[in-house]
Amino acid sequence: MAICVIFIAGGATCARSPSALPYPPPPPVSISAIPTVAEVAAAVNRSDAIQQLASNTTSIKVTSMPGLPRLRGTANLVRPRNLRLKAGVPLTLGANIDLGSNDQAFWFEIPEGAALQRTLYWANHAEYARSMHRSFLPVSPDFISESMGLVRLNAADVIGAPTYRADGRLEVRTSMSGSAVPMQRVMGIDATGGYVTDMTVIDPNGRVVARSTTAEHVYYPAVGAVLPHSVSLEFFPATGEALSLQVTTSQYVINQLLTNDPNLFSMPTDSAASFNLAEPIPPSFGRNLPTTPSAYTADAGLGINLR
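Treat the numbers as computed from the prediction; the structure is a model and nothing was measured.

Draft legend 1. The arrangement of the pattern of salt bridges in detail. One pass over the structure, following the stated rule, counts twelve salt bridges. The partner of Asp142 in a salt bridge is Arg81, with the nearest N and O atoms 2.9 Å apart. Residue Asp142 is located in helix H3 (residues 142–147), and its partner Arg81 is located in the loop between strand S4 (71–78) and strand S5 (82–88); the two are separated by 61 residues in the primary sequence. We note a salt bridge from Arg169 to Asp167, for which the minimum N-O separation is 3.9 Å. Overall, the relative accessible area of 33% leaves Arg169 in the partly exposed class. Take Asp167: its relative accessible area is 46%, and that puts it in the partly exposed class.

What follows is the structure in structure tokens.
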């Protein structure tokens, strides 16, 4: 089992670093001047070697909520759809977010109101896929894990032939099944390294419903795959407010988790309020957040990154 990590003496804790590890760029992949679906899929699917991904050097900025500061936390991903992103400032201050998914459901817990009340927005995967009430997340939360590097290109889903874009990257369009509304995913792929740089999901009317852009790509020779260390995510539901996130990670542990918590991928059960996103209930998602970071903390000595 391949493990890519830097350990701090005394424990399996990822070392903090201001930027991604200086690994060499990935070796060129075999993609022809007239690329075939098989060639591109083989390059992209090198990420299959990564089944688990973990970090305790992750920070999250909900850029669509300017009142919420940049929060530091942890990231844990396990294929096929286990995801947990938790970040915050000291618990006594209440400004914490919890984004997660397991085989049954997904959720997003955020602080709202003057008292920073923890509010849980959640849905069962199957129910949400059938629901037309996409007031929070217009696509499957799998899009988040895929954007963070655990992406797979199924050749059977590809529409047309891969093409070269004006920026020199390859573009591949795929169908997305399992949703009440048929959608397409457009992938941008580095033509030399064979890794995904951006993804856009569009609905049948051509409207963009989700987009991700990645940067700080690092090649991990032990598994022969590339991971982005900076991920920008944007979601544009047909109704409700747009949501955008910036997820930044200094270092990853590959094919190993940093915790033995049996509830790592369990949805919170102690939130002050809860909304099922598969039901036609207009959530107030993020509308009651304080408008300035100072509402969360006034203690600069806590080491909280508010940039």
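Once you've had a look at it, read on.
Draft legend 2. Region of the structure containing the nonpolar core. Grouped together as the largest cluster of nonpolar side chains are 62 residues, with contacts concentrated most on Ile97, Met148 and Phe235. If you tally residues by element for this core, the top one is strand S14 (residues 225–235), at five residues. Setting aside chain neighbours within four positions, we find Phe235 in contact with Leu137, Pro138, Val139, Phe143, Ile144, Val209, Ala210, Ala242 and Leu243.

Draft legend 3. Region of interest: the pairing of strand S9 (residues 158–164). Alignment of S9 against strand S10 (residues 170–176), held across four bridges, turns out to be antiparallel. Across the sheet, Val158 pairs through a bridge with Thr174, a residue of S10.

Draft legend 4. Representation of the side chain of His229. Among the structural elements, His229 can be located in strand S14. Given the relative accessible area of 1%, His229 is considered buried. A polar atom in the side chain of His229 sits 3.1 Å from the backbone oxygen of Ser250.

Draft legend 5. A look at the layout of surface pockets. By volume, the largest pocket is sized at about 800 Å³. Lining the largest pocket we find 32 residues, and of these Arg81, Ser140, Asp142, Glu146 and Met176 sit closest to its centre. Elements represented by at least two residues in the lining of the largest pocket include exactly S4, helix H2 (125–130), H3, S10 and strand S11 (183–189). Broken down by element, the lining of the largest pocket gets its largest block of residues, four residues, from H3. A per-class count over the lining of the largest pocket returns 14 nonpolar, ten polar and eight charged.

The rules we used
Residues numbered from 1 in each chain as written. Predicted model: local features only at pLDDT ≥ 70, side-chain atom pairs only at ≥ 80, totals over all residues. Heavy atoms only, no water. Salt bridge = Lys/Arg side-chain N within 4 Å of Asp/Glu carboxyl O. Helix = DSSP H or I, 4+ residues; strand = E, 2+ residues; numbered from the N terminus. Buried < 20%, exposed > 50% of the residue type's maximum accessible area, 1.4 Å probe, protein only. Core = buried A, V, L, I, M, F, W, Y, C linked by side-chain atoms within 4.5 Å. Contact = heavy atoms within 4.5 Å. Pairing = 2+ DSSP bridges. Polar contact = N/O pair within 3.5 Å; in protein donor to acceptor, adjacent residues only side chain to side chain. 1 Å grid on protein atoms, 1.4 Å probe; cavity = no way out; pocket = protein on both sides within 12 Å on 5 of 7 lines; lining within 4 Å. Points joined across faces, edges and corners; volume = space filled by probe spheres on them. Nonpolar A, V, L, I, M, F, W, Y, C, P; charged D, E, K, R; others polar.

All we've got here are geometric facts, nothing functional implied.
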